[in-house]
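Structural overview for review
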Amino acid sequence: MCGISCILALPGHDTTYHQANGHIHTNGDTQTLERKKIITELNESLDKIQHRGPDARGHWLSDDNRVALGHVRLAINDLSPDGAQPFHSPAKKIHAVVNGEFYDYDCIRKEIESTTDYVFSSRSDSEIVIALYLHHGLNFVHYLRGEFAVVLYDEEQQIFIAVRDRYGIKPLFWTVQPDGKGGKRMLIAAEMKAFLPLGWKPEWDVRSLKDAGWNHDERTIFAGVGKIRPGHYLTCTAFGHVEQRQYWDMTYPDKNLPDPRTPEELIQGVREKLLDAIRLRLRADVPIGIYLSGGIDSSVIAGMVTHLVKTEGVALGSQPASSRVCCFSIAFDEGSGFDESSIANRTADWLGVKYEKKIMNEAALAERFEDAVWHAEHHNPDLNFVGKFALSEVPQECGYKVVLTGEGADEHFAGYPSYLDDYLREPDNAYETHNTLSETERLKQFDLAEIAAKDYYDSVGADTSARGASASRKMLNNVSTISSMAAFLPRVFAPWTDKAYGLCDPQRTIANNADGATRAKILNTWHPLHSAMYIWSKGHLANIFLTCLGDRTEMAHSIEARTPLLDHKLTEYINGLPPSVKLRWMPEEKRFSEKWILREAAKPFITRELYERKKHPYSAPTTWPRDGPLHKLLKGLMTKEKVEQLGFVDWNKVGGLVEKGFGEKGDPGAMRTALVVAEWVVIAERFGVAQAEGKF
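A quick note: this is a predicted structure, and the numbers were derived from the prediction, not measured.

1. Overview of the pairing of strand E21 (residues 591-594)
Pairing of strand E20 (residues 583-586) with E21, which is carried by four bridges, proceeds in the antiparallel orientation. When the bridges of E21 are listed, methionine 586 appears paired with arginine 591. Joining the antiparallel neighbours E20 and E21 is a turn of four residues, in which lysine 590 adopts a positive phi near 55°.

Here it is, written out as structure tokens:
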């Protein structure tokens, strides 16, 4: 894992070169000064993301000053200077920087060495990008397995390429900004804060905040700054034409096509492919640990890792196989109802692994709040991201750089409460032979599930007023999951924003984010459960769970997190399974078992307690006392002066939220909204965001 920051000149940019008769001519001292200026800017940009790569830094600047690639390194594979970046082709015509990890790279390397004359200069997994591009062109992306963001420049073809992994595990942002000399240049970086030394002046994208575009499409909270979408690559050809193209997407089987496989076959398939995904992620030249909570997702990772160590002698990175597996966790106050550390502790004892945990109280959350927001670069109506920020301190303090995590299980095995009514929306015609849910029972449970979903979201402070029929839901075969996804939008915007931006409907944003071909599959081919899982993964997974609950709070402490449950070879198999093995009706118990097939695949590797435990979403407490550290923090952040400085928030709508949200009878909805506004204040102050103004 690393950090990257890159600059690309666009038409009109003065590079201090001119070309005549096919030859490049320089302007002498001016050219030298320009190079020094670009290198200085690039280093200042890399300083902003030094936490992503504290071990080394490097840069490359083209002879014509039009392309600059910068890199800070977190050394994981090949700790020698040979693994430093940027990487260059043997002919020095192709250059690349990589953030992330590629798995199974030894096999790819052997194949390249046996079929081509390419000579590798390092043992780093990242160098395979250069070799694959040389021999496969843009198809090189199809050979990459892992979590990654890549920027590559081909001097001879004059093509600039920026690639993001299939699920968006690794971030990659881009913007076009003035170069200060009358031209423009494209900036690309792992975090938006890296743009600050490059002339970027942050402004709020109020429309994106109102319609949740930052959460559900390629926009961010800042105007003019976009994300390279998961499973996409961006190209700029001959310093002119820029476009994004998709190279991979999730897909699901025809809901009416029978699946002849038995449950036992499917369970074994999941087990084998998950073990393979984990095994591949245990390769590193540094020690590897595991994040362990009280849930099944991280516990199955810990259980399977322990199994591989004991039965196959697999080493955890540079540690000998004889070393004990080490797991990391945090604990909240036991009385909060959110603490799972006692379950994690019993799991660790059962597995025989080391268990390191950090105790979190209100003061600890308040102390970390502003730094966590700075690293996340977006808001979140929950303190769970602050907990994840603190969790990532634990492996760092114990001398670890790499951990395995359980992200992605709920998205692919149907673990969220919002999925149930979409599962019940239609019968599972693909698995009638092995389905335990009768049609009569399905219809009965469907009515109950819709009521339960509304009650659940009401209980956690969400807005459930827009759960009814709408054009947006009709666009997606009436799945209700989009209503749940849009339930936390803060209704705090100033009146002028309605006139400036019109009707802003987050559900329409979600529906529009799926392209036309995908919406046709949602309407005609996919089961509603699969449609809901697709929509959730494109929004919440990519833009919240893998950002402020993933890469950003992990890399804030120079921790590389590996996600076996998002291995695309595994997920392609899971996505092809029938809905009723993901959400399973248990007739004897008269209840549904979420993630049923994962539980069955994991059964030999986890405790009975976890096998039988119902899903408990990772969250932080939402009720806190008055006059405590968090109450004082939010009161200080949410002053009238600071809120009005944002420009787009109506003080009359938020002025009483802090008092309403705290205390024994605190309103969870008020607390969540107060957190969001406080986070906007932090972002405005840390980034120097200009006050939003009405534009008519």
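2. Considerations on the pairing of strand E7 (residues 94-102)
For E7, the tally of buried residues reaches nine of nine residues, placing the bulk of the element in the interior. Across two bridges, the pairing between strand E6 (residues 87-88) and E7 is antiparallel. By the bridge assignment, phenylalanine 87 is partnered in E7 with alanine 96. Here E6 folds back onto E7, and the loop between the two strands holds five residues, one of which, lysine 92, carries a positive phi near 60°. Bridge analysis of E7 against strand E8 (residues 146-154) gives nine bridges, and the strand direction is antiparallel. Each residue of the ladder has a partner; that of valine 98, found in E8, is valine 150.

3. Details of the sheet that holds strand E14 (residues 241-246)
What links the strands of a sheet is backbone hydrogen bonding, and the strands pair in either a parallel or an antiparallel sense. Ordered by their spatial adjacency, six strands build an open sheet running E6-E7-E8-E9-E13-E14, and the pairing between neighbours is antiparallel. In the strand order of this sheet, the two ends are held by E6 and E14, each with one partner. Pairing geometry for strand E9 (residues 159-164) and strand E13 (residues 232-237), over five bridges, is antiparallel. Bridging across to E13, phenylalanine 160 finds its partner in cysteine 236.

4. What to know about the sheet that holds strand E16 (residues 326-331)
Taken in spatial order, the five strands line up as E17-E16-E15-E18-E19 in an open sheet, and their pairing is parallel. In this open sheet, the two edge strands, each paired with only one partner strand, are strand E17 (354-359) and strand E19 (560-562). Neighbour-to-neighbour, the strand axes of this sheet turn through a mean angle of 30°, independent of strand direction. Of the pairings in the sheet, the one linking strand E18 (residues 402-404) to E19 comprises three bridges and is parallel in character. Opposite leucine 404, over in E19, you have arginine 562 as the bridge partner. Helix H10 (residues 384-391) contacts strand E15 (288-291), E16 and E17 of the sheet and is inclined by roughly 140° relative to E16.

5. Some details on the domain arrangement of the chain
Under the domain assignment used here, the chain contains domain 1 (4-12 + 29-246), domain 2 (263-411 + 540-612), domain 3 (439-528) and domain 4 (629-687). Just the C-alpha atoms count here: the centres of domain 1 and domain 2 sit 29 Å apart. On the side of domain 2, 36 residues touch domain 1, which itself brings 41 residues to the contact. Interface area for domain 1 against domain 2, summed over the two sides, is near 3400 Å², with a carbon-plus-sulfur share of 52%. Put simply, aspartate 285 and arginine 123 hold a salt bridge, and the shortest N to O gap is 3.5 Å. Taken together, the links from domain 1 to domain 2 amount to 18 residue pairs in polar contact (both at pLDDT 80 or more). If you list the elements that add at least two residues to the side of domain 1 that touches domain 2, you get helix H2 (105-115), E8 and helix H5 (213-216). For the side of domain 1 that touches domain 2, the residue count by class is 19 nonpolar, six polar and 16 charged.

6. Section: the side chain of arginine 473
Checked against the element boundaries, arginine 473 lands in helix H15 (residues 471-475). Despite its burial, arginine 473 pairs with no opposite charge, the nearest such side chain being glutamate 450 at 4.5 Å. Arginine 473 has contacts with Arg425, Arg467, Gly468, Asn478, Val479, Ser480, Ile482, Ser483 and Gln507, leaving out every residue within four places of it along the chain.

7. Side note on the confidence of the model for the chain
Parts of the model with low pLDDT should not have their predicted coordinates read in detail. Looking at the chain, pLDDT values average 93 and 95% of them are 70 or higher. Every residue in residues 17-25 is under pLDDT 50, and counting partners more than four places away or in other chains gives 14 contacts.

8. Things to note about the UniProt feature "site: Important for beta-aspartyl-AMP intermediate formation" (unreviewed entry) in the chain
Taking the UniProt record as the reference, the feature "site: Important for beta-aspartyl-AMP intermediate formation" (unreviewed entry) is found at Glu407. By secondary structure assignment, the location of glutamate 407 is in the loop between E18 and helix H12 (409-413). Non-local contacts of glutamate 407, meaning those with residues more than four positions away in its chain, are made with Lys388, Phe545, Leu546, Leu549, Thr563, Leu565 and Leu566. Within the structure, the side chain of glutamate 407 is placed 3.1 Å from the side chain of lysine 388, a separation counted as a polar contact.

9. Observations regarding the packing of aromatic side chains
By the definition in use, this model includes 28 aromatic pairs. Consider the rings of tryptophan 60 and tyrosine 153, whose centres lie 6.2 Å apart with planes at 35°: the pair is tilted. Here tyrosine 153 lies in strand E8 and tryptophan 60 lies in strand E4 (residues 56-61), a separation of 93 residues in the sequence. For tryptophan 60, a relative accessible area of 13% puts it in the buried group. According to the relative accessible area criterion, tyrosine 153 is buried, its value standing at 4%. The rings of Phe195, Trp200, Trp204, Phe222, Trp374, Phe493, Phe648, Trp680 and Phe687 are connected pair by pair, giving a single aromatic cluster. For arginine 66, the ring lying beneath its charged end belongs to phenylalanine 239, and the centroid distance is 3.8 Å.

10. Thoughts on helix H29 (residues 668-687)
Three- or four-residue spacings in an α-helix give side chains the same orientation, since the helix completes a turn every 3.6 residues. With 20 residues, H29 should cover 28 Å at 1.5 Å per step; its first-to-last C-alpha distance of 28 Å lies within 8% of that length. Judged by how many residues are buried, H29 sits mostly within the fold: 17 of 20 residues are covered. Between the side-chain oxygen at the start of H29 and the backbone nitrogen of glycine 669 there is a gap of 2.8 Å, and the oxygen is on aspartate 667. Just beyond H29, the residue with positive phi is glycine 688, at close to 70°.

11. So, helix H22 (residues 568-575)
Judged by how many residues are buried, H22 sits mostly within the fold: six of eight residues are covered. Along H22, the residues classified as buried are His568, Leu570, Thr571, Tyr573, Ile574 and Asn575. Those residues of H22 hidden inside the fold are in contact with helix H6 (263-280), H12 and helix H20 (528-545). The opening residue of H22, the one whose side-chain oxygen lies 3.0 Å from the backbone nitrogen of lysine 569, is aspartate 567.

12. Digging into the environment of glutamate 450
Tracing the backbone through its elements, the reader meets glutamate 450 in helix H14 (residues 439-459). Its relative accessible area of 31% is what places glutamate 450 among the partly exposed residues. For the pair glutamate 450 and lysine 521, spaced 71 residues apart in sequence, the C-alpha to C-alpha distance is 24 Å.

13. A look at the environment of threonine 405
Secondary-structure assignment places threonine 405 in the loop between E18 and H12. Linking threonine 405 and alanine 84, residues 321 residues apart in sequence, is a C-alpha distance of 26 Å. With residues up to four places along the chain from it excluded, the contact list for threonine 405 reads Tyr291, Ile301, Glu554, Ala561, Arg562, Thr563 and Pro564. A polar contact is formed between the side chain of threonine 405 and the side chain of glutamate 407, at a distance of 2.4 Å.

Cut-offs used in this document
- Residues numbered from 1 in each chain as written.
- Predicted model: local features only at pLDDT ≥ 70, side-chain atom pairs only at ≥ 80, totals over all residues.
- Heavy atoms only, no water.
- Pairing = 2+ DSSP bridges.
- Helix = DSSP H or I, 4+ residues; strand = E, 2+ residues; numbered from the N terminus.
- Buried < 20%, exposed > 50% of the residue type's maximum accessible area, 1.4 Å probe, protein only.
- Axes fitted to C-alpha atoms, helices over the stretch in contact; angles between N-to-C directions.
- Contact = heavy atoms within 4.5 Å.
- Domains from an automatic or database assignment.
- Buried area = accessible area lost by both parts, 1.4 Å probe.
- Salt bridge = Lys/Arg side-chain N within 4 Å of Asp/Glu carboxyl O.
- Polar contact = N/O pair within 3.5 Å; in protein donor to acceptor, adjacent residues only side chain to side chain.
- Nonpolar A, V, L, I, M, F, W, Y, C, P; charged D, E, K, R; others polar.
- Lys, Arg positive; Asp, Glu negative; His and termini not counted.
- pLDDT = per-residue confidence, 0-100.
- UniProt positions renumbered as here; feature names shortened; annotations may be inferred.
- Phe/Tyr/Trp six-rings, centres within 6.5 Å; stacked < 30°, edge-to-face > 60°.
- Lys NZ or Arg CZ within 6 Å of the ring centre and 35° of its normal.
- Expected span 1.5 Å × (residues − 1).

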